[in-house]
Amino acid sequence: MENTYQTGVIMHEIDPDGDMILTLKNPCAPFAVWHEDDATPLPTSLDLSSQEPQGSDLNCSDEIIGLAPTSSAVTYRISSRHLSSASERSRKMRHQWEQKRESDGYFHISVEDWDSEALLAILNIIHLRNRQVPHEVSLEMLSKLAVIVDYFEFHEAVEVFSKTWIADLQGSLPTSYCRDLILWMWISHVFHEEDILKTVICTAVRHSLGWMEDLGLPIPEHIISQVDDRRREAAVQLVDGLRALKEGLQYGTKACSYECQCRFLGALIKGLDHFHVFDSTFEPLLGCGLTEVIKSTRQLRIPARSGRSSCDCTMNNLTYPFLGKVENDLRRLA
Ligand SMILES: [Zn+2]
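Peer 1: Whenever I open this one, the overall build of the chain confuses me. Can you help?
Peer 2: Check the secondary structure of the chain and you find 12 helices and 5 strands. When each of the 334 residues of the chain is scored for burial, the buried share is 33%. Here the analysis covers contacts within the chain between residues at least 6 apart in sequence; of these, 76% occur between residues at least 24 apart.

Encoded structure:
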């Protein structure tokens, strides 16, 4: 029997003969909140859905929304044997559960802040109720499922489903730095999808506007610092190269003539001024993406030569020594 109501608490009968009551407290907790002020993503069409307030998409069931916030809880009658056999970690937890058998004869355990539908899906899988498991899920729901899988280490137990869920969604990986990109980082880490993780890291390095966010998800520090370190390394190379080129043009060591120096120096300062790359106190590229600065440099508008003079000076030739290296390094990430 499903959704039995007992004094304002939803009960899911996963196993009517089960010996354990699992209580989910605070089932509508905000999930993976994106702080707009910390790292405003560039407004592309792919970002639009991810810029909605997170509180609007909590995947709470209607029943839960109808409950008073102070009493909201969801319980699941389950089999401790199924739970403990689904992973090594949950097998080890069994000893703690056995301390919690109460006078009603049930083991009682509680968790909090998870999504009730995500927990229901995972418990259905663990109890082999496969017909009750959704064949398709949203990216949001997959991220919430990953939280539970990560906690109990249910990777193998859910693998048949998780591979299908991921395969259905991975065609729309974000191409800019946004909340969805971080959710994909989380999902690909939890489900050991190395190719997706590599792509996501590469996109984050190219497009993030500052330090990598983790949205409060337990993404390992080594992944976050991999993005930050590679981004910073590329940003320093790019900014150092642009500053050296500016000085070379200004003091006459670059380009063929006074006229060419003025043409390229003017284009460089006017075209890249808004990125503040020439401010000596400026932290390299905080507030703008690597790809954005590279693209703008490639597309600088260069004043035409006067008269009939001709030479081999082009912005591509002048920037190649450093821009080529930065672009190659970024390509090697993919
Ligand atoms: Zn020239």
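Okay, back to it.
Peer 1: Please clarify how the nonpolar core should be interpreted in this entry.
Peer 2: In a soluble, globular protein the nonpolar side chains are often hidden away together inside. Counting 67 residues, the largest nonpolar core has Ile 122 and Ala 146 as the members making the most contacts within it. Excluding anything up to four places from it in sequence, Ile 122 contacts Leu 145, Ile 148, Val 149, Phe 154 and Val 158.

Peer 1: Where do I start with helix H6 (residues 155-169) in this structure?
Peer 2: Residues separated by three or four positions in an α-helix point in the same direction, a consequence of the helix having 3.6 residues per turn. Between the first and last C-alpha of H6 there are merely 18 Å, a value that for 15 residues lags more than 12% behind the 21 Å anticipated at 1.5 Å per step. For H6, the principal kink sits at Phe 161 and spans about 45°. Among all positions of H6, only Ala 157, Val 158, Phe 161, Ser 162 and Trp 165 are buried. Looking at the buried residues of H6, the elements they touch are helix H4 (116-126) and helix H5 (139-152).

Peer 1: How do you make sense of the confidence of the model for the chain when you look at a structure like this?
Peer 2: Detailed reading of the predicted coordinates is not advisable wherever pLDDT is low. Overall, the prediction assigns the chain a mean pLDDT of 86, with 87% of residues at 70 or greater. Looking at the elements of the chain, mean pLDDT is at its lowest for helix H1 (residues 62-65), recorded as 37, and at its highest for helix H7 (residues 179-190), recorded as 98. Confidence drops under a pLDDT of 50 for residues 40-71, and excluding neighbours within four residues, the segment shows 51 contacts in the predicted structure.

Peer 1: Help me out: how do you make sense of the packing of H5 against H7 in this one?
Peer 2: Think of two packed helices as two axes; the pair is described by the angle between the axes and how far apart they sit. Packing of H5 against H7 leaves a shortest axis separation of 9 Å and a crossing angle of 40°. Considering the relative orientation of H5 and H7, their crossing is left-handed. Residues Leu 139, Leu 142, Ser 143, Ala 146, Val 149 and Asp 150 of H5 form the contact with H7, whose participating residues are Asp 180, Leu 183, Trp 186, Ile 187 and Val 190.

Peer 1: Explain unusual backbone geometry here, please?
Peer 2: Both trends apply: most residues other than glycine have a negative phi, and most peptide bonds are in trans. Look at Asn 26: it is not a glycine, yet its phi comes out positive at around 50°. With respect to the helices, strands and loops of the structure, Asn 26 is situated in the loop between strand E3 (20-25) and H1.

Peer 1: Please explain the packing of H4 against H5 as it appears in this structure.
Peer 2: Interhelical geometry of H4 versus H5 gives an angle of 60° and a closest axis separation of 9 Å. Taken together, H4 and H5 sit at an angle that is classed as oblique. Here the hand of the crossing between H4 and H5 comes out right-handed. Residues Ala 118, Leu 119, Ala 121 and Ile 122 of H4 form the contact with H5, whose participating residues are Met 141, Lys 144, Leu 145, Ile 148 and Val 149. Partitioned by chemical class, the residues of the contact of H4 with H5 number 8 nonpolar, no polar and 1 charged.

Peer 1: For this particular structure, what's the right way to read helix H10 (residues 258-272)?
Peer 2: With 15 residues, H10 ought to run about 21 Å at 1.5 Å a step, and its terminal C-alpha atoms sit 21 Å apart, in line with that. Within H10, burial applies to Cys 260, Arg 263, Phe 264 and Leu 268. Buried residues of H10, viewed axially, fall in a sector of 120°; they line one side. Relative to its buried face, H10 has exposed residues pointing more than 90 degrees away, namely Tyr 258 and Lys 270. Where the residues of H10 are buried, they touch helix H9 (221-250) and helix H12 (315-333).

Peer 1: When you look at the pairing of strand E4 (residues 73-78) in this model, what are you seeing that I'm missing?
Peer 2: Walk down a regular strand and you will see the side chains alternate between the two sheet faces. Extensive coverage of E4 is indicated by the burial of 5 of its 6 residues. Where strand E2 (residues 9-13) and E4 come together, 4 bridges link them in parallel fashion. Among the inter-strand pairings, His 12 is bridged to a residue of E4, identified as Tyr 76. Relative to E4, E3 is paired through 6 bridges, and the arrangement is antiparallel. Directly across from Met 20, in E4, lies its bridge partner Ile 78.

Peer 1: What exactly am I supposed to notice about the environment of Asp 279 here?
Peer 2: With respect to the helices, strands and loops of the structure, Asp 279 is situated in the loop between H10 and helix H11 (290-298). With 11 C-beta atoms packed within 10 Å, Asp 279 lands in the exposed category. Asp 279 sits 36 residues away from Arg 243 along the chain, and the two C-alpha atoms are 9.2 Å apart.

Peer 1: Please clarify how the environment of Phe 107 should be interpreted in this entry.
Peer 2: By the element assignment, Phe 107 lies in strand E5 (residues 107-112). Sequence separation between Phe 107 and Ile 78 is 29 residues, and the spatial gap between their C-alpha atoms is 9.7 Å. When sequence neighbours within four positions are dropped, the list of residues in contact with Phe 107 reads Asp 19, Met 20, Ser 80, Trp 97, Lys 100 and Arg 101.

Peer 1: I tried to follow the environment of Phe 191 on my own but got confused; where do I start?
Peer 2: Within the secondary structure, Phe 191 is located in the loop between H7 and helix H8 (194-207). Judged by C-beta crowding, with 22 C-beta atoms within 10 Å, Phe 191 ranks as buried. Taking the C-alpha atoms as reference points, Phe 191 and Ile 166, separated by 25 residues in sequence, lie 9.1 Å from one another. Filtering out sequence-adjacent residues up to four positions away, Phe 191 remains in contact with Ala 146, His 155, Ser 162 and Ile 166.

Rules used in this analysis
Residues numbered from 1 in each chain as written. Predicted model: local features only at pLDDT ≥ 70, side-chain atom pairs only at ≥ 80, totals over all residues. Helix = DSSP H or I, 4+ residues; strand = E, 2+ residues; numbered from the N terminus. Buried ≥ 20, exposed ≤ 12 C-beta atoms within 10 Å, placed from the backbone. Contact = placed C-beta atoms within 7 Å. Core = buried A, V, L, I, M, F, W, Y, C linked by C-beta atoms within 7 Å. Expected span 1.5 Å × (residues − 1). Bend = angle between axes of the 7 residues up to and from the residue. pLDDT = per-residue confidence, 0-100. Axes fitted to C-alpha atoms, helices over the stretch in contact; angles between N-to-C directions. Left-handed = near helix turned anticlockwise from the far one by under 90°. Parallel < 35°, antiparallel > 145°, perpendicular 65-115°, else oblique. Nonpolar A, V, L, I, M, F, W, Y, C, P; charged D, E, K, R; others polar. Arc of directions from axis to C-beta. Pairing = 2+ DSSP bridges.

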